[in-house]
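# Structure assessment
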Amino acid sequence: MKLYSPAGLVRLGLALLAACGLPIHAREAPPKNPVPATTGRTSTTPPPDAPSRPPAAPPSTPAPLPDTVAPVRIVAGASATVSGGSAAIAPSPVAAHQGSLVIIGGGLRGDNADVWQRVVKLAGGKGSRIAVFPSAAGNPERSAQTIIGYLRKWGADAFLVPVAVRLAGSDYRKNADDAALAKRIRESDGVYFAGGDQGRITKALLREDGTQTAVLEAVWDVYRRGGVIAGSSAGAAIMSSTMFANPKAVLSMLQTGIADGRELGPGLGFIGDDVFVDQHLLVRGRFARMIPAMLAKGYQIGLGIDEDSAMVVNAQREVEIIGYKGALLIDLSRAEWDKEAPHFGVRNAVISYLDRGDKFNIGTHMFLPSNDKAGGRIDPTRTLGRGAVFSNDVLGNSAVIDLMERLIDSNQEEAIGIASGNPRASGTEVGFEFRFTKTPETVGYVSSVAEAYSVLNIRLDIRPIEITRPLYKYK
């Protein structure tokens, strides 16, 4: 009969609870030296005074958490560097907001109760007023009515905001500065931005001189007062202060570069100036375009959410993943790149996959796994997979997380992914090698009830390669 140590019994008990579907609660203890929220970009907005709170009663001394439950720190801290060793844009404080964000990666299905219910709950539940902006949509009226129908299904009192470039019979510029409409939005409990073209949102809500319209000011008032701002696809892209405006294909951006003012433009910045946001991430391999965009604008942290999934960001800047899939966290705080090189390349980026139910705090960089993974921290000596880990199309649908999951459960120390163009073309072309490497800081978790992983702190190096075409010949 096998004997277990006390710590082993704790881990066994947690695993059995998770397997039975019972909740396992783990409290995230603050680090001894709390890390302030920082940004890779400068900001002129001073942080507001912190609200006063009554002192908490002294807690009883808890038993130490086993290492399979304790929160893990995501790699962060050092400044990104370019050739010559110059530092990236210096960190600066981020203004806190009282509300919540629901950042949806696009493709949200009507039966995704996790996301729809959370939007309504954060707005105040049944009877809450939610203003629906179809500004990005190609068919604004149809898009708005569909969203309003789902929000009403879950109890909200949702209504259309007629500020959209393509809304027939409506003057969006006049409506955007209508005082009565702004008042109606300001008195709401939440706001929802539909998907489509994010450039249409900023065109509708910002004046030609870049100042905020009355309607946009009302949206910010809802957020500052504690309301929820939700957005799907294009509505997610506007959450950061920089967004993709007119992007090329992912591979083309790696080959030819990213230009501010062409591929990139200003977003609305609800999440703050220090986090870059992207959407449709895993399905379309967009993690690869996030990295050069972040480097070009000085971001150290990027969050990309997949389709039919959402990142919920509360006032304490804790991110929770809900819905169907997950999100990628890109950390460039230690990255090195040469912006003068003819082709894109980067060394020492860090990539993590956050699965549904996982939590990550933007300010402290601490990660807490979902309840079903609480006892599932992977032993580094566990090697279920053997042999080379590689992908010939790392930009393919979910290929990047498949590669990371196979690596974390493998006896290999690194995995290789290749990005290239048409295999039937002739001559040579520039492709890219994506090298994923385990480090001492790499951590993995596996669910006790599903084949689902969370993978943290994988080093990622990207370098250009020459590919000879055609890639193959028939025998």
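Counting 56 residues, the largest nonpolar core has Ile103, Phe133, Ile185, Phe193 and Phe270 as the members making the most contacts within it. Among the elements that make up this core, the one with the highest residue count is helix H7 (residues 214-224) (seven residues). In this view, phenylalanine 193 contacts Phe133, Ile201, Leu205, Val219, Ile229, Ala230, Gly231, Ser232, Gly235, Ile238 and Phe270; residues no more than four positions away in its chain are not counted. If you look at the next biggest cluster of nonpolar residues, it comprises 49 residues, including Val250, Met253, Phe344 and Ile462.

The next thing to look at is the pairing of strand S4 (residues 129-133). The buried fraction of S4 is high, at four of five residues. Pairing of S4 with strand S5 (residues 157-160) involves four bridges; the strand directions are parallel. From the neighbouring strand, arginine 129 faces S5, where its bridge partner is aspartate 157. Remark: the S4/helix H3 (residues 140-153)/S5 crossover connection has right-handed handedness. Bridging between S4 and strand S6 (residues 190-193) involves four bridges; their strand directions are parallel. Pairing of phenylalanine 133 across the sheet is with phenylalanine 193, part of S6.

Right, let's get into the packing of aromatic side chains. A full pass over the atoms with the stated rule returns 12 aromatic pairs. Taken together, a centroid distance of 6.4 Å and an interplanar angle of 35° make the contact between phenylalanine 193 and phenylalanine 270 tilted. Remark: phenylalanine 270 occurs in the loop between strand S9 (264-266) and strand S10 (275-279) and phenylalanine 193 occurs in strand S6; sequence separation between them is 77 residues. Cluster of aromatic residues (ring-pair linked, three or more members): Phe133, Phe193, Trp220, Tyr223 and Phe270. The ring of phenylalanine 159 carries arginine 184 above its face, with NZ or CZ at 4.0 Å from the centroid. Sitting over the face of the ring of phenylalanine 244, arginine 289 holds its NZ or CZ atom 3.9 Å from the ring centroid.

Further remarks concern helix H6 (residues 198-205). The buried fraction of H6 amounts to six of the eight residues, a majority that puts the element mostly inside the structure. Taken together, the buried positions of H6 are Gln198, Arg200, Ile201, Thr202, Ala204 and Leu205. At the N-terminal end of H6, a side-chain oxygen is found 2.9 Å from the backbone nitrogen of glycine 199, two or three residues along, and the residue is aspartate 197.

As a further point, take the packing of helix H5 (residues 179-186) against H7. Where H5 contacts H7, the axes come no closer than 8 Å and their chain directions differ by 15°. One element, H5, and the other, H7, form an angle in the roughly parallel class. As for how H5 packs across H7, the hand of that crossing is right-handed. Between H5, through Leu181, Ala182, Ile185 and Arg186, and H7, the contact on the second element is made entirely by Ala214, Val215, Glu217, Ala218, Val219, Asp221 and Val222.

On to the sheet that holds strand S1 (residues 72-73). The strands making up a sheet associate through backbone hydrogen bonding, with each pair oriented either parallel or antiparallel. Taken in spatial order, the 10 strands line up as S1-S18-S17-S13-S12-S3-S7-S6-S4-S5 in an open sheet, and their pairing is mixed. A single partner strand is all that each edge strand has here, and the edge strands are S1 and S5. Of the strand pairs in this sheet, strand S3 (residues 100-104) and strand S12 (residues 309-313) are connected by four bridges, and their pairing is antiparallel. Counted as the bridge partner of valine 102 is valine 312 from S12. Docked against the sheet, helix H2 (residues 113-123) engages S3, S4, S6, strand S7 (228-232), S12 and strand S13 (318-323), running at close to 135° with respect to S13. Against the sheet, H7 contacts S3, S4, S6 and S7, and its axis sits at roughly 125° relative to S6.

Attention now moves to helix H10 (residues 287-297). Taken across its 11 residues, H10 has 10 buried, putting it largely inside the fold. Residues of H10 that are buried: Phe287, Ala288, Arg289, Met290, Ile291, Pro292, Ala293, Met294, Leu295 and Lys297. A positive phi of about 85° marks glycine 298, the residue just after H10.

Mean pLDDT for the protein: 84, with 80% of residues reaching 70 or above. Note on residues 1-68: pLDDT is under 50 here. Beyond four places in sequence and across chains, it has 88 contacts. Throughout residues 77-95 the model reports pLDDT below 50, and contacts reaching past four residues in sequence, or to other chains, amount to 50 contacts.

Okay, the packing of H2 against H3 next. Axis separation between H2 and H3 bottoms out at 9 Å; the angle between their running directions is 75°. Judged on the interaxial angle alone, H3 and H2 are roughly perpendicular. Every residue of H3 that contacts H2 at Trp116, Val119 and Val120 is listed here: Ile147, Tyr150 and Leu151.

The next point concerns the pattern of salt bridges. Applying the stated criterion across every chain yields a total of 22 salt bridges. Residue aspartate 278 is joined to arginine 289 by a salt bridge in which the shortest nitrogen-to-oxygen separation is 2.8 Å. On the criterion of sequence distance, the pair formed by aspartate 278 in strand S10 and arginine 289 in helix H10 is long-range, its members being 11 residues apart. Judged by its relative accessible area of 1%, aspartate 278 falls in the buried class. For arginine 289, a relative accessible area of 3% corresponds to the buried category. A salt bridge links arginine 435 to glutamate 414; the shortest N-O distance between them is 2.6 Å. One end of the pair, arginine 435, is in strand S21 (residues 427-437); the other, glutamate 414, is in strand S20 (residues 414-419), with 21 residues separating them in the sequence. Overall, the relative accessible area of 34% leaves glutamate 414 in the partly exposed class. Residues joined in a network through salt bridges with shared partners are Arg186, Asp221 and Arg224.

Reading the values: the criteria
Residues numbered from 1 in each chain as written. Predicted model: local features only at pLDDT ≥ 70, side-chain atom pairs only at ≥ 80, totals over all residues. Heavy atoms only, no water. Core = buried A, V, L, I, M, F, W, Y, C linked by side-chain atoms within 4.5 Å. Buried < 20%, exposed > 50% of the residue type's maximum accessible area, 1.4 Å probe, protein only. Helix = DSSP H or I, 4+ residues; strand = E, 2+ residues; numbered from the N terminus. Contact = heavy atoms within 4.5 Å. Pairing = 2+ DSSP bridges. Right-handed = clockwise from strand over helix to strand, strands pointing away. Phe/Tyr/Trp six-rings, centres within 6.5 Å; stacked < 30°, edge-to-face > 60°. Lys NZ or Arg CZ within 6 Å of the ring centre and 35° of its normal. Polar contact = N/O pair within 3.5 Å; in protein donor to acceptor, adjacent residues only side chain to side chain. Axes fitted to C-alpha atoms, helices over the stretch in contact; angles between N-to-C directions. Parallel < 35°, antiparallel > 145°, perpendicular 65-115°, else oblique. Left-handed = near helix turned anticlockwise from the far one by under 90°. pLDDT = per-residue confidence, 0-100. Salt bridge = Lys/Arg side-chain N within 4 Å of Asp/Glu carboxyl O.

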